[in-house]
Every structure is written in structure tokens, then in C-alpha cells.
Amino acid sequence: MTLTAQRTETPRRTGRSARRVRHGLATHRWPLAPWLFLLPALAAVVLMVLLPFVNTLGISFTDATLLRGGQFVGWENFRQMFADERFSTALLNSTLYTLCVVPFMVVLPLILATLVSRAERLAGFFRTTMYLPVIMSPVVVGLIWTNMLDQRGLVNEVLGTLHAVTEPVPFLSDRWLLLFSAMFVTIWTGLGYYMIVYLAALVNIDRSLYDAAAVDGAGVVRTFLSITVPGVRSTMALISVLSSVAAFRVFGEIYVLTGGTGGVGGGDITMTMLIQREGTGLQARTGYASAISVFMFVIVGGMLLVQLIMQRKQRTS
């Protein structure tokens, strides 16, 4: 009798204690637990982003070079920057690059995504084909188009065969032709990436809207403007932000097409190329390059702020 009583009472005590432990764990709060999960990411951001930014901001107010720390000079680097003709040229080229590339990056991938989404059998083939330039290195892309746009390249050979030109077109030697050729390479490279983004957004559009438009007799263009464009408006805003930042920070295409020279007389140099030229080498002016970087950060931040304000106004309206 005593043994059976002990055997029956022992599980009860064990069950009660287990429930108390579980109840205590459920009700106990760990205020630092979320921060422990975020700690690795926060440490990476602080070490890789915040500290370099603060260091660059401090160096921009000094006359530092690659081999010495430099002394505090105040706003001298910024005054020198606005008086530099190369800076004016780089700012003009980067701004023009952004204004010309972004509209194509927003519209053309949407048109391609719409066409690919309708080609159900060949959708996978077109997605792979259009996405190939995205996974290629910018240097490889630049070398391919450098050979194609050369005076003896494929493009000039085709134009000469068709008797469209009497002499080779100076795609890589004329300032504006080279700049617009680089824009074309940037657009060609980025079409596949933004097309995939649009394809993900098109899936969320209700198919019944297209059926209703077909019943009403709406054409392809009217359906595209009335259903597709409003359905992916938020995605278009996102792509405009991403492509604006990428276009203003362009480096690889211009660098490879010009062979690192920035074009004839440096006429096609961009902001990032100017920073790279001033901030590298044994005679690098680190303080001056940091000042240009800070100014570029302010410009990009202003672009993002304006676009975010416009998006908020569109949502409220």
C-alpha cells in the first residue's frame, strides 16, 4: 500500500513542478533578448558603415594625404571643390546620367515584364536571357561593349555594311557619344534585374481586372495604362529610387569604356571616378576626396528624401 501510494504521488509532484517551470518561463520576460539577436547585424553596421562615415566626415575637414594624417583646415576642401572645373564636369555628368537613365529603367523593364508574363511557354527562356547581363561582371560587360563600339568594332562594321554612315562613328572618343554609350550599357545591364522585380509585382494584380478590361473592349495600351501601371505604382517608385542612386554613383561602365582616363581631357569623368582619382595613389589627397564623398552623400540623401516625400503625397492622395 505504501509503495503504491508513493508511486502515484511522485508523478503528481513532478507534473506540478514541470507546469510551474513552464509557467515561469512563459511569464518571465527577457528585455535584452531581441537585442542579442540584433547584435551581430548592428555590430556589422557600426564597423562597416557608421565608423567609416564618421571617419570620412572628420577627414574631409583636414588636408590629409595617403602618407600623413593632416591638419584641420575647416571648409577649405569644400571651397576648393566648388572652384574645381573637374568637379563641375563630374557633377554635370552624374546628374545628366541620372536624368537620362532613370526613366528608361522605370519604363522599359515594366514593358518587358508585361510581355514576358504573357509568354507562358517561353517565360523561363526570356527570364534567363534577360537576366544574363545582370550576373556578368561590370568589367566584362564594359570590355564587351568596348570592342563592339570601337571604330573597327561590330557596330561600326554593321553600319558601314548597311551604308548608314560614311565613316566610323566615334562612340569611344567623342565626349557626348561616349557618355550616352555608357548610359546605354547601364540600361542594357539593368533591364533584367528590374524586370524580375516587376514580374513579382505583376503576380499580385487581380486577373479579374484584365478579364473585365477585355470584356469592355479595352486595347493593349489602354489595359497597360489603366490596370498594369496603377497596380505596380509602388514598385515603380522603389525602382526609381534604386536606379537613381545607382545611376548617380556610376563608375564601372565609364571607367572601362574610357580605359580609366575619364574620356578625352577628362570630359566624361563622374563623381565616383573623381573620388577614386583623388583618393588613391601615392599623391592621393584623402581630405579632398573625403569632402567630395560627403557632398555626394548629401546629394544622394536629398534625392532619396525628395522621392520619399513624393511617395507619401501619392499615398495620401
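Residues numbered from 1 in each chain as written. Predicted model: local features only at pLDDT ≥ 70, side-chain atom pairs only at ≥ 80, totals over all residues. Heavy atoms only, no water.

For the chain, an unreviewed UniProt entry supplies the name Sugar ABC transporter permease and the organism Streptomyces niphimycinicus.

Engineer: Go over the overall build of the chain with me, naming the residues and quoting the values.
Structural biologist: Scanning the chain for helices and strands turns up 14 helices and zero strands. Going from the N terminus to the C terminus, the chain shows its helices and strands as α-α-α-α-α-α-α-α-α-α-α-α-α-α. Across the 317 residues of the chain, 34% fall into the buried class. By sequence separation, contacts in the chain at least 24 residues apart represent 69% of the contacts at least 6 residues apart. On the chain, roughly 20,300 Å² of surface is accessible, and the fraction owed to carbon and sulfur atoms is 67%. (Helix = DSSP H or I, 4+ residues; strand = E, 2+ residues; numbered from the N terminus. Buried < 20%, exposed > 50% of the residue type's maximum accessible area, 1.4 Å probe, protein only. Contact = heavy atoms within 4.5 Å. Areas by Shrake-Rupley, 256 points an atom, 1.4 Å probe, with all protein chains shown as cover.)

Engineer: Got a sec to walk through helix α13 (residues 271–279)? Specific residues and values, please.
Structural biologist: Considered for burial, the residues of α13 that qualify are Met271, Thr272, Met273, Leu274, Ile275 and Glu278. Tucked into the core, α13 has its buried residues touching α4 (85–118), α11 (233–248), α12 (252–257) and α14 (286–316). Where α13 terminates, the next one or two residues include Gly281, which has phi positive at roughly 95 degrees.

Engineer: For helix α3 (residues 76–83), give the residues involved together with the corresponding values.
Structural biologist: Along α3, the residues that are buried comprise Asn77, Phe78 and Met81. Axial view of α3: buried residues confined to an arc of 95 degrees, hence all on one face. With respect to the buried face of α3, the exposed residues turned more than 90 degrees away are Arg79 and Ala83. (Arc of directions from axis to C-beta.)

Engineer: Can you tell me about the environment of Ile135, naming the residues and giving the values?
Structural biologist: If you trace the backbone, Ile135 turns up in helix α5 (residues 123–135). In sequence terms Ile135 and Tyr193 are 58 residues apart; their C-alpha atoms lie 9.2 Å from each other.

Engineer: Provide a residue-level description of the nonpolar core, including the pertinent values.
Structural biologist: Ranked by size, the top nonpolar core spans 58 residues in total, and within it Tyr97, Tyr198, Val232, Met271 and Ile292 carry the most contacts. With 12 residues, the top contributor of residues to this core is helix α8 (residues 175–202). Those residues in contact with Ile292, other than ones at most four positions away along the chain, are Met81, Phe87, Met271, Leu274 and Ile275. (Core = buried A, V, L, I, M, F, W, Y, C linked by side-chain atoms within 4.5 Å.)

Engineer: Explain the packing of aromatic side chains residue by residue, including any values.
Structural biologist: Under the definition given, this model contains 12 aromatic pairs. Taking the centre distance of 6.5 Å and the plane angle of 25 degrees together, the rings of Phe61 and Phe72 count as stacked. Of this pair, Phe61 sits in the loop between α2 (33–59) and α3 while Phe72 sits in the loop between α2 and α3, and the two are 11 residues apart along the sequence. Relative to Tyr194, the ring of Tyr193 lies with its centre 5.2 Å away and its plane at 75 degrees, an arrangement referred to as edge-to-face. (Phe/Tyr/Trp six-rings, centres within 6.5 Å; stacked < 30°, edge-to-face > 60°.)

Engineer: Tell me what's going on with the pattern of salt bridges, and back it up with residues and numbers.
Structural biologist: Evaluation of the coordinates by the stated rule reveals five salt bridges. Close ionic contact of Asp84 with Arg86 constitutes a salt bridge, the shortest N to O distance being 3.3 Å. For Asp84, a relative accessible area of 15% translates into the label buried. Judged by its relative accessible area of 32%, Arg86 is partly exposed. Measuring nitrogen to oxygen at the nearest pair gives 3.1 Å for the salt bridge that ties Glu278 to Arg285. Residue class for Glu278 comes out buried when judged on its relative accessible area of 8%. Residue classification places Arg285 among the partly exposed positions, given a relative accessible area of 30%. (Salt bridge = Lys/Arg side-chain N within 4 Å of Asp/Glu carboxyl O.)

Engineer: Any chance you could break down unusual backbone geometry for me, citing the residues and the numbers?
Structural biologist: Phi at His163 is positive, roughly 60 degrees, even though this residue is not glycine. Note on His163: relative accessible area 70%, which makes it exposed.

Engineer: Any chance you could break down the side chain of Glu253 for me, citing the residues and the numbers?
Structural biologist: Relative to the assigned elements, Glu253 resides in helix α12. Here Glu253 is buried and forms no salt bridge, its nearest opposite-charge partner Arg249 lying at an N-O distance of 10 Å. The residues touching Glu253, leaving out its near neighbours within four places in the chain, are Tyr97, Ala182, Val185 and Thr186. (Lys, Arg positive; Asp, Glu negative; His and termini not counted.)

Engineer: Quick one: what's the story with the UniProt feature "transmembrane region" (unreviewed entry) in the chain, residue by residue and with numbers?
Structural biologist: Sites flagged by UniProt as "transmembrane region" (unreviewed entry) map to residues 32–54, 96–116, 128–146, 176–203, 254–275 and 287–310. As annotated, residues 176–203 comprises 96% helix and 0% strand, and the C-alpha atoms at either end are separated by 40 Å. The span residues 287–310 is 100% helical and 0% strand by assignment, and the distance between its end C-alpha atoms comes to 35 Å. (UniProt positions renumbered as here; feature names shortened; annotations may be inferred.)

Engineer: Break down the side chain of Thr235 for me, with residues and values.
Structural biologist: With respect to the helices and strands, Thr235 occurs in helix α11. Given a relative accessible area of 13%, Thr235 falls into the buried group. Discounting chain neighbours no more than four positions away, the residues touching Thr235 are Val197, Tyr198 and Ala201.

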